[in-house]
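Remarks on the overall topology
So you can see what is in the structure, the chains are spelled out below.
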Amino acid sequence: MKLKIAVLPGDGIGPEIMKQGIAVMEAVADKFGHEFTFKEGMVGACAIDAVGDPYPAATHDICMEADAVLFAAVGDLRYDNDPTSKVRPEQGLLAMRKKLGLFANIRPVATFDCLIHKSPLKDELLRGADFVVIRELTGGMYFGEKYQDNDKAYDTDIYTRPEIERILKVAFETAQKRKKHLTVVDKANVLASSRLWRQIAKEMEPQYPDVSTDYMFIDNAAMRVLTEPRFFDVVVTENTFGDILTDETSCITGSMGLQPSSSLGEHTPLFEPVHGSWPQAKGKNLANPLAQILSAAMLLEHFGLTSEGKLVREAVNASLDANVRTPEIQIEGGVKYGTEEVGRWIVEYIRKKR
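The shown structure was predicted, so the numbers you read here are calculated from the model rather than taken from an experiment.

Within the secondary structure, Arg97 sits in helix α5 (residues 89-99). No salt bridge is formed by the buried Arg97; the nearest opposite charge belongs to Glu272, separated by 4.1 Å. With sequence-adjacent residues up to four places away left out, Arg97 is seen in contact with Leu102, Arg135, Leu137, Thr138 and Glu272.

As for its placement among the helices and strands, Leu94 is situated in helix α5. Judged by relative accessible area, Leu94 falls into the partly exposed class, the value being 23%. In this structure the C-alpha to C-alpha distance between Leu94 and Tyr55, which are 39 residues apart in sequence, comes to 9.0 Å. In this structure Leu94 touches Tyr142 and Phe143, once residues within four positions along its chain are discounted.

Take the sheet that holds strand β8 (residues 181-186) next. Paired through their backbone hydrogen bonds, the strands of a sheet run either parallel or antiparallel. Reading across the sheet, the ten strands line up as β2-β1-β3-β12-β11-β4-β5-β10-β8-β9 and stay open at both edges, with mixed pairing between neighbours. On the outer flanks of this sheet lie β2 (35-40) and β9 (212-217), each paired with one strand and no other. Across the sheet, the mean angle from the axis of one strand to that of its neighbour is 25°, orientation sign disregarded. Inspection of the sheet shows strand β3 (residues 68-73) paired to strand β12 (residues 270-273) by two bridges, in the parallel sense.

This part is about the nonpolar core. Counting residues in hydrophobic clusters, the biggest one holds 42 residues, and the most contacted among them are Ile5, Phe36, Leu290, Leu299, Val312, Ile346 and Ile350. Contributions of two or more residues to this core are made by β1 (2-10), α1 (14-32), β3, α12 (290-302), α13 (306-321) and α14 (339-352). With near-sequence residues (within four places) excluded, Leu290 lies in contact with Gly257, Leu258, Val316, Ser319, Leu320, Val342 and Ile346. By size, the runner-up hydrophobic cluster in this structure holds 23 residues, among which are Val132, Ile200, Ala201 and Met204.

For the rest of this paragraph, the subject is the layout of surface pockets. There is about 1,200 Å³ of room inside the largest pocket. Residue lining of the largest pocket: 44 residues in total, with Val74, Glu90, Leu93, Tyr142 and Asp243 positioned closest to the centre. When residues of the lining of the largest pocket are traced back to their parent elements, those giving at least two are β3, α5, β4 (104-110), β6 (146-148), β7 (153-155), α10 (239-248) and β12. Top element by residues in the lining of the largest pocket is α5. It accounts for five residues. Here the lining of the largest pocket is composed, by residue class, of 18 nonpolar, 13 polar and 13 charged. If you trace the second largest pocket, you find 32 residues lining it, with Ile106, Pro108, Val132, Met298 and Arg313 closest to the centre. When contributions to the lining of the second largest pocket are tallied by element, the ones reaching two or more residues are β4, β5 (130-136), α7 (161-177), β11 (260-264), α12 and α13. Counting residues per element, the lining of the second largest pocket draws most heavily on β4, which supplies five residues.

Moving on to the pattern of salt bridges. Going through the model one piece at a time under the given rule, you end up with 20 salt bridges. Between Asp130 and Arg178 there is a salt bridge whose closest N-O contact spans 3.5 Å. Separated by 48 residues along the polypeptide, Asp130 in strand β5 and Arg178 in the loop between α7 and β8 bring together distant segments of the chain. Of the charged contacts in the structure, one is a salt bridge between Glu165 and Arg161, with a shortest N-O distance of 3.2 Å. Taken together, the positions of Glu165 and Arg161, both in helix α7 and four residues apart, correspond to about one turn of that helix. For Glu165, a relative accessible area of 32% puts it in the partly exposed group.

What follows covers the pairing of β8. Counted residue by residue, β8 has six buried out of six residues, so it is predominantly covered. What you see with β8 is no split at all: His181, Thr183 and Val185 on one side and Leu182, Val184 and Asp186 on the other are buried throughout. Summarising the sheet, β8 and strand β10 (residues 234-237) pair through four bridges and their orientation is parallel. Bridging from a neighbouring strand, Thr183 pairs with Val235 of β10.

Closest axis-to-axis distance for the α1/α12 pair is 8 Å, and the angle between their directions is 40°. By the angle between their directions, the pair α1 and α12 is classed as oblique. Crossing hand, α1 versus α12: right-handed. From α1, Ile17, Met18, Gln20, Gly21, Val24, Met25 and Val28 reach across to α12, where they touch Gln292, Ile293, Ala296, Leu299 and Leu300. Partitioned by chemical class, the residues of the contact of α1 with α12 number nine nonpolar, three polar and no charged.

Criteria and cut-off values
Note on numbering: residues in each chain are counted from 1, in written sequence order. Where local features are concerned, this predicted model is filtered to residues with pLDDT of at least 70; where side-chain atom pairs are given and counted, the filter is 80 or more; whole-chain, interface and lining totals use all residues. Heavy atoms from the whole structure form the basis of all side-chain values; hydrogens and water molecules are not counted. The numbering of helices and of strands both runs from the N terminus, where a helix is a DSSP run of H or I of at least 4 residues and a strand a run of E of at least 2. Each residue's exposure class comes from its accessible area (1.4 Å probe, protein chains only) as a fraction of the maximum for that residue type: buried when under 20%, exposed when over 50%, partly exposed otherwise. In this charge count, Lys and Arg are treated as positive and Asp and Glu as negative; neither His nor the chain ends contribute. Throughout this description, the term salt bridge denotes a Lys or Arg side-chain nitrogen within 4 Å of a carboxyl oxygen of Asp or Glu. Working rule for contacts: check all heavy atoms of both residues, and any pair within 4.5 Å makes them a contact. Strand pairing is assigned whenever DSSP identifies at least 2 bridges connecting the two strands. Note on method: axes are straight lines fitted to C-alpha atoms, helices fitted across the in-contact stretch only, with angles between N-to-C directions ranging 0 to 180 degrees. Each nonpolar core is a collection of buried residues, namely Ala, Val, Leu, Ile, Met, Phe, Trp, Tyr and Cys, held together in the definition by side-chain atoms within 4.5 Å. Using a 1 Å grid laid over the protein atoms alone, points where a 1.4 Å probe fits but cannot get out form a cavity; open sets with protein on both sides within 12 Å along at least 5 of 7 lines form a pocket; any residue with an atom within 4 Å of a point counts as lining. Grid points are joined across faces, edges and corners, and a volume is the space filled by probe spheres set on the points. Classes in brief: Ala, Val, Leu, Ile, Met, Phe, Trp, Tyr, Cys and Pro nonpolar; Asp, Glu, Lys and Arg charged; the others, Gly included, polar. Oblique is the label for any angle not covered by the other classes, which are roughly parallel (under 35 degrees), roughly antiparallel (over 145) and roughly perpendicular (65 to 115). A crossing counts as left-handed when the near helix is turned anticlockwise from the far one by less than a right angle, and as right-handed when that turn is clockwise.

Structural data, given as structure tokens:
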């Protein structure tokens, strides 16, 4: 198979983990006889520094011409510490999602048996947890009308019927392919936008009679994700709730450095780790590349390359079992491997696998 991949390393640790993701993709291409071509674009703080725009037109063109986008992270302390800044790295990510029409963020949440001890949650709560969070990505408060002065500020949480219907369709269809259980998360007891979500979900339920659908307020869901993670199969929710809920799930995996995701919609699909840019670790060879590598596995699987994706996941699991891990997930007294060493180990595993 031939694939054109837009590569967006971004800021902070982004270029370091992206290097390992690309190396894994190249190893897969060599082993299975594929042809992957990579073209890099700027996004985030590095793009602001270069051209004054966190998502330049040239980068958008690269993304639109590609079959898929492999993205790392954006964010810089200069902007984190300056709330008055009018142009911010994160605006590049929002613009990319909007312009590519990436309305559905798919984030799998699963446990690694060898890392359960790294979670603050009890073993008996975690073991066997395996669910997917589907987050609406281009609506809600992040994109609604905004205003701020010295005395007043607001963000408008606006959703339309077509926006809600299309993300619910993704959620119902995903549930059909899994354990046929969908949880719709909202705040319908308080928010009008949530009441529209629930109304439309109720209207769509009869179209998917094989799916068991339940409804949960976000505050209850935030608690039960941590106390009953095995209850969930597919969770769907709006943008702001989804942002918070999916970061919370890092308590289940033991590290945000292990969580990949995909964003799907109208144009080029995008694959990215869920963690941030961790600017404090930039250039220190500390960052965990596994979420980036697992994002590459999701990319491969999206195009039907299931054996290839399975091998990448096998290699990641093998590295964890062999204690080839970056410091934040290493066992006590274990060797502290860096970003490059972990990536190199996984590439070698793929190349040597018969």
